[in-house]
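One letter stands for each residue in the lines below.
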Amino acid sequence: MEALIRLDGVEKVFDVRKRTGLLRRERRQVRAVDGISFEVPRGEMVGYIGPNGAGKSTTIKMLTGILTPSGGRVRVAGIDPARERTRLAHRIGVVFGQRTTLWWDLPLKDSYALMRRMYRIPQARYAANLERCVELLELEKLLDVPVRQLSLGQRMRGDIAAALLHDPEVLYLDEPTIGLDVVSKAKVRAFLRDMNAESGTTVLLTTHDLQDIEQLCERVMVIDHGRLVYDGPLSGLHSAGGSERTLVVDLERGLPPLDVPGARVVKVEGPRQWLAFPAESSAAPLVAAVAAKYPLLDLSVREPDIEDVIARMYAGGGG
Amino acid sequence: MAGGDAVRLYAAVAAGGFRRYATYGTATAAGVFTNTVFGFIVAYTYIALWDERPHLGGYDQAQALTFVWISQSLLAAGALIGGGFQEEMQERIRTGDIAVDLYRPADLQLWWLAADLGRAAFQLLARGVPPTIAGALWFDLALPADPLRWVLFLVSVWLGLVVGFALRYLVGLCAFWLLDGSGVNMMSLLVSMFCSGVLLPLNVFPGAFGEVVRMLPWSSMLQVPIDVLLGEGSGAGGAGAALAFQAAWAVLLLAAGRVLQAAATRKVVVQGG
Amino acid sequence: MWVRSTLAYRASFALALVGSALTSALDFVGIYIMFTHIDALGGFSLPEVALLYGTAGAALGLADLLLGNTDRVGARIRDGSLDTMLVRPVPVFAQVAADRFALRRLGRVLQGAAVTAWGAAHVDVAWTADKVLLLPLTVLAGTAIFAAVFLAGAAFQFVAGDAAEVQNSFTYGGATMLQYPPSVFGREMVRGVVFVVPLAFVNWLPALYLLGRPQPFGLPWWTAFLSPFVALLVLAPAAVAWRAGLRSYRSTGS
């Protein structure tokens, strides 16, 4: 398959000036991205994860042409983003989870009309795309509402629609589910899945929420300290890091640490106990075993978070 | 709340206001630069004016120039051409966050007053002192040598800041009744620029019109402090009368603020915020 | 875009328009009060000063209408909204200028034009064709010169994001200075705005010619007609500075 996004040894070095005295300043170089290479074929949905400050956003900014790389080569749809930023803009869509590209004081539909002019989208195509987005993202009741009055989840759906009106070949999503409630997250994920299946839009997704990746991406890339430390399927990430999920058990009363095969108790707090078990194994037999032996009130499964997984990768020598 | 605790609380709020503005170093330097440039421009026009009419409004040329530079130095502290707290307060009223403030075990008016005085203290130092020095180096100013006059001046500036706060607090509270506060803010700013002496010294305003403007509270914010510094209004007695004039307006306007605040609080309680 | 959203609040827009006109009119009230005590300031009569005041105000007002938003570039870098502009297929500068386009700023333009008209009607000038033509040309060239200052100020914010207020010295400060006759100011100050930051070409030199007065520093009379060329001369480096600022932002990031 054709590689739509291609990075070869891409670097980004920042000069950081730190005030060390009243007038003295120390200059220091920070390698935010330190020689990253990868390819994303057309139509793939890839998760791009890593701890804060690992270089995720810097990579996205180089892929969109906001930042010029200090070294290496970037190609998106055959275009060098830094040199032909505005030409590339017609072919990509970007959603920044933490800030909106919509106009704060305008009703949603006016923002879309502006997008149409800005991207010079033919009327027929615009109408069709808008209709589809409005239907799938359930925006019809929100079209007349000024953006500032939208909830975070509504605004995010509005932003995703805005990024798709001009039929981009690549969609970058920077933390698209950050701060959203469970229902909104589910809506956003379902839409992205359908969109990828239907129109074959290539998606690069950065997130802190491993569930985004689990539900959307076959492939995940992990970046830490500016380097790519993992590139492969999500299941492989868990076994590479030997990561564990946690079963939180609420019992009828306080008991000594539970004894069930395949899990170990990591914490006890009154009637609540935390049991760790390997991330790749199913929770079902474990739940059955606990329920059979002990007076159970409630339980929940917690996914490992990204920081944990990456920390374990290093601890286990996986990096 | 015990008296000592209250004093400590509001002192902490004021210190917070001071520090908040102290973090904007570049912006402060940019403001000083702008005040100084304007100082030069206005100073030359006043020189031309006083050349034409020596002793206009009872000032000689050095006094007129002192007026220019001291007013440039007080603009930021007194929020005389914009700035200050009331837009932030209106935003809190609009979003309903003000309800949180009202249920705090602290007085709303004193809270904002302390924060605004903290801000003003920073801007008096950082944005006030450098333009005055620049002006004194370049022009012949009538700055007094008597330390007592400077003390009286600072008291008068402080009273002027309180009067300015009290006026803007009334304007800010209007947001409880008006959807869009920008119209009132603009009118308030216009009146303040015209009636405080920012535009021209009030003693240059002609006839009965000038008499009226000089009796209004806005004169407390700029004209009165500068006259106290220049020793206009004949000696300590004159200064005493000036300070009493300011204090009377401060008390009256703060009291009006409390009445309006009580009405606003009732409205919040009735409408549930 | 913003025109529509501001017009939506019609009453509030009318108020803002009037307010904008009143705020700039206040300066003229100040000048008027000065003239209740004097007949001439720096040798200029009230209608003559009105001509200076009106042309400076209209030129600044037009430039502010078009590019006044550029003082928010520093804030946009801080809140990241400059990045969202960089991923769109439209030049960033056009987006910065058009976003939050505030039609209420028309108030200053209208007020400046009105005072210009009043001044022009009352000055003692034989309005020959060249003088009649020079007046609108002056305002347009003045707009372009102030636009260059706004542009340079926007570029400066890539270096010092918090220093947006410095440009006020040159825009509002400059316009305030140009409201008064050059004879009022120190020689060095006049020299500065003729040869360094050529604000004198916004209205001083053309107005001196209109009023039949000599140009400063023995400059020939035809320098009054140079404003459009001076505008191009300052717009070019300002545009280069903006491009350089944007390029450095994209290579250093935030």
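Going by the structure above, here's the rest.
The following refers to the structure shown. Not measured: the values here are computed from a predicted model. (Residues numbered from 1 in each chain as written. Chains lettered and ligands numbered in written order. Predicted model: local features only at pLDDT ≥ 70, side-chain atom pairs only at ≥ 80, totals over all residues. Heavy atoms only, no water.)

Remarks on the overall build of chain A
- A tally of helices and strands in chain A yields 10 helices and 13 strands.
- Summarising its shape, the C-alpha atoms of chain A cover approximately 65 × 55 × 50 Å along the three principal directions.
- Contacts in chain A between residues at least 24 apart in sequence constitute 69% of all its contacts with a sequence separation of at least 6.
- Carbon and sulfur atoms make up 49% of the accessible area of chain A, which totals about 14,700 Å².
- Here chain A holds 44 positive side-chain charges and 42 negative ones, and the gap between their average locations is 8 Å. (Helix = DSSP H or I, 4+ residues; strand = E, 2+ residues; numbered from the N terminus. Contact = heavy atoms within 4.5 Å. Areas by Shrake-Rupley, 256 points an atom, 1.4 Å probe, with all protein chains shown as cover. Lys, Arg positive; Asp, Glu negative; His and termini not counted. Charge placed at Lys NZ, Arg CZ, Asp CG, Glu CD.)

Describing the interface of chain C and chain A
- Counting residues at the interface gives 26 residues for chain C, matched by 28 residues for chain A.
- Across the chain C/chain A interface, buried area totals approximately 2,300 Å², and carbon plus sulfur atoms make up 56% of it.
- Where chain C touches chain A, the interface holds 2 salt bridges.
- For A:R99, the salt bridge goes to C:D83, with nearest N and O atoms at 3.5 Å.
- Put simply, chain C and chain A have 8 residue pairs in polar contact (both at pLDDT 80 or more) between them. (Buried area = accessible area lost by both parts, 1.4 Å probe. Salt bridge = Lys/Arg side-chain N within 4 Å of Asp/Glu carboxyl O. Polar contact = N/O pair within 3.5 Å; in protein donor to acceptor, adjacent residues only side chain to side chain.)

Observations concerning the interface of chain B and chain C
- Taken residue by residue, the interface counts 32 residues in chain B and 35 residues in chain C.
- Interface area for chain B against chain C, summed over the two sides, is near 2,800 Å², with a carbon-plus-sulfur share of 79%.
- By the criterion of area lost to chain C, the three top residues of chain B are B:I41, B:Y44 and B:L190, representing 18% of everything that side buries.
- Applying the counting criterion to the chain B and chain C interface returns 1 salt bridge.
- Of the charged contacts, one joins C:E165 and B:R127 as a salt bridge, the two residues approaching to 3.7 Å between their closest N and O atoms.
- For the interface between chain B and chain C, the tally reads 4 residue pairs in polar contact (both at pLDDT 80 or more).
- Elements that contribute at least two residues to the side of chain B that touches chain C include exactly α2 (25–52) and α8 (182–196) of chain B.
- Looking at which element gives the most residues to the side of chain B that touches chain C, the answer is α2(B), with 16 residues.

Overview of the sheet that holds strand β13 (residues 296–302) of chain A
Residue and element names in this part refer to chain A.
- If you trace the 4 strands from one edge of the open sheet to the other, you get β11-β12-β10-β13, paired in antiparallel fashion. The strands lining the two open edges of the sheet, one partner per strand, are β11 (264–269) and β13. On average, each strand axis in the sheet is tilted by 20 degrees relative to the strand beside it, whichever way the strands run.
- Looking at chain direction, strand β10 (residues 244–251) and β13 are connected through 6 bridges and run antiparallel. Paired with L251 across the two strands is L296, which belongs to β13.
- Where helix α9 (residues 284–293) meets the sheet, its contacts fall on β10, β12 (272–278) and β13, and the angle it forms with β10 comes to roughly 25 degrees. (Pairing = 2+ DSSP bridges. Axes fitted to C-alpha atoms, helices over the stretch in contact; angles between N-to-C directions.)

Quick notes on the sheet that holds strand β8 (residues 219–224) of chain A
All names here are of chain A.
- As summarised here, the arrangement of the 6 strands in space is β5-β6-β7-β3-β8-β9, forming an open sheet in which the pairing is mixed. Looking at which strands have only one partner, the edges of the open sheet turn out to be β5 (92–96) and β9 (227–233). Recorded for the sheet is a direction-independent mean angle of 15 degrees between the axes of neighbouring strands.
- The pairing of β8 with β9 spans 6 bridges and is antiparallel. What sits directly across from V220, in β9, is G232.

Quick word on the packing of aromatic side chains
- Applying the stated criterion to the full structure yields 28 aromatic pairs over all chains.
- Between B:F194 and B:F205, the aromatic rings sit 5.1 Å apart at their centres with planes inclined by 50 degrees, giving tilted as the arrangement. Here the residue B:F194 occupies a position in helix α8, and B:F205 occupies one in the loop between α8 and α9 (207–215), the gap between them amounting to 11 residues.
- Residue classification places B:F194 among the buried positions, given a relative accessible area of 15%.
- With a relative accessible area of 3%, B:F205 lands in the buried category.
- Taken together, B:F40, B:Y44, B:W69, B:W138, B:F139, C:F185 and C:W204 form an aromatic cluster joined through their ring pairs.
- Taking NZ or CZ as reference, A:R116 lies 5.6 Å from the ring centre of A:Y126, over its face.
- Above the ring of A:W274, the side-chain terminus of A:K267 is found at 4.4 Å from the ring centroid. (Phe/Tyr/Trp six-rings, centres within 6.5 Å; stacked < 30°, edge-to-face > 60°. Buried < 20%, exposed > 50% of the residue type's maximum accessible area, 1.4 Å probe, protein only. Lys NZ or Arg CZ within 6 Å of the ring centre and 35° of its normal.)

Some words on a nonpolar patch on the surface
Residues and elements named next belong to chain B.
- A cluster of nonpolar side chains, L125, V129, I133 and L137, forms an exposed patch at the surface whose accessible area comes to about 410 Å².
- Note that L125 resides in helix α6 (residues 108–138).
- L125 sits in the exposed class, given a relative accessible area of 54%. (Patch = residues over 30% accessible without salt bridge, like charges linked within 9 Å, V, L, I, M, F, W, Y side chains within 5 Å.)

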